[in-house]
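Listed here are the chains, written in short residue letters.
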Amino acid sequence: MIGVVIVGVILFLVVTIVLSRMGSNRKKEAIADLERELASLHTPDIIELVNDEVRDAGIGDLPGAAGIDKVVLLKVWKRDRGDCENGTGRFLVAEAVDPALATEADVTFDCE
């Protein structure tokens, strides 16, 4: 009789431990799924969008673009590009203006 009780207690402990571990694994999987879902729902901020557009359009690699803020590059390019094809033209900064401090009023885009 005591043997049956001991076997019953041991079985109960084994089942409890196994169920506990299964629940822990499910929690870890749920947390990983949630993290993946949150990463896929990332909403980019305006600077990320500007950087993406500058990179996609290739205007950051055009002559004269070095050192000019990407927001300024994008504004000037959209303002001055006209019928210019992507990948052609150059940015011109007004004399005596440091490109790093240039505003859209100091920069023009010349389509070659």
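Residues numbered from 1 in each chain as written. Predicted model: local features only at pLDDT ≥ 70, side-chain atom pairs only at ≥ 80, totals over all residues. Heavy atoms only, no water.

Comments concerning the overall build of the protein chain
Next, step 1: For the protein chain, the helix and strand inventory stands at three helices and two strands.
Next, step 2: Overall, the protein chain shows an N-to-C arrangement of helices and strands of α-α-α-β-β.
Next, step 3: Its C-alpha atoms give the protein chain a radius of gyration of 31 Å, clearly above 13 Å, the size a compact globule of 112 residues would have.
Next, step 4: Over its C-alpha atoms, taken along the principal directions, the protein chain stretches across nearly 100 × 30 × 15 Å.
Next, step 5: Within the protein chain, buried positions represent 16% of all 112 residues.
Next, step 6: Sequence separation of 24 or more characterises 49% of the internal contacts of the protein chain that already satisfy a separation of 6 or more. (Helix = DSSP H or I, 4+ residues; strand = E, 2+ residues; numbered from the N terminus. Rg over C-alpha atoms; globule rule 2.2 N^0.38 Å. Buried < 20%, exposed > 50% of the residue type's maximum accessible area, 1.4 Å probe, protein only. Contact = heavy atoms within 4.5 Å.)

Some remarks on the pattern of salt bridges
Next, step 1: Considering all chains together, one arrives at six salt bridges under this definition.
Next, step 2: Here Asp-80 and Arg-79 are joined by a salt bridge, their closest N and O atoms 2.7 Å apart.
Next, step 3: With relative accessibility at 24%, the residue Asp-80 sits in the partly exposed group.
Next, step 4: Connected through salt bridges with shared partners, the residues Asp-52, Arg-55 and Asp-56 form a single ionic network. (Salt bridge = Lys/Arg side-chain N within 4 Å of Asp/Glu carboxyl O.)

Thoughts on the packing of aromatic side chains
Next, step 1: In this structure the tally under the stated criterion is one aromatic pair.
Next, step 2: Ring geometry for Phe-91 versus Phe-109: centroids 4.9 Å apart, planes at 55 degrees, classification tilted. Highlighted residues: Phe-91 in strand 1 (residues 90-93) and Phe-109 in strand 2 (residues 107-110), separated in sequence by 18 residues. Each member of the pair Phe-91 and Phe-109 is classed as buried.
Next, step 3: Lying across the ring of Trp-77, Arg-81 places its NZ or CZ 4.3 Å from the centre. (Phe/Tyr/Trp six-rings, centres within 6.5 Å; stacked < 30°, edge-to-face > 60°. Lys NZ or Arg CZ within 6 Å of the ring centre and 35° of its normal.)

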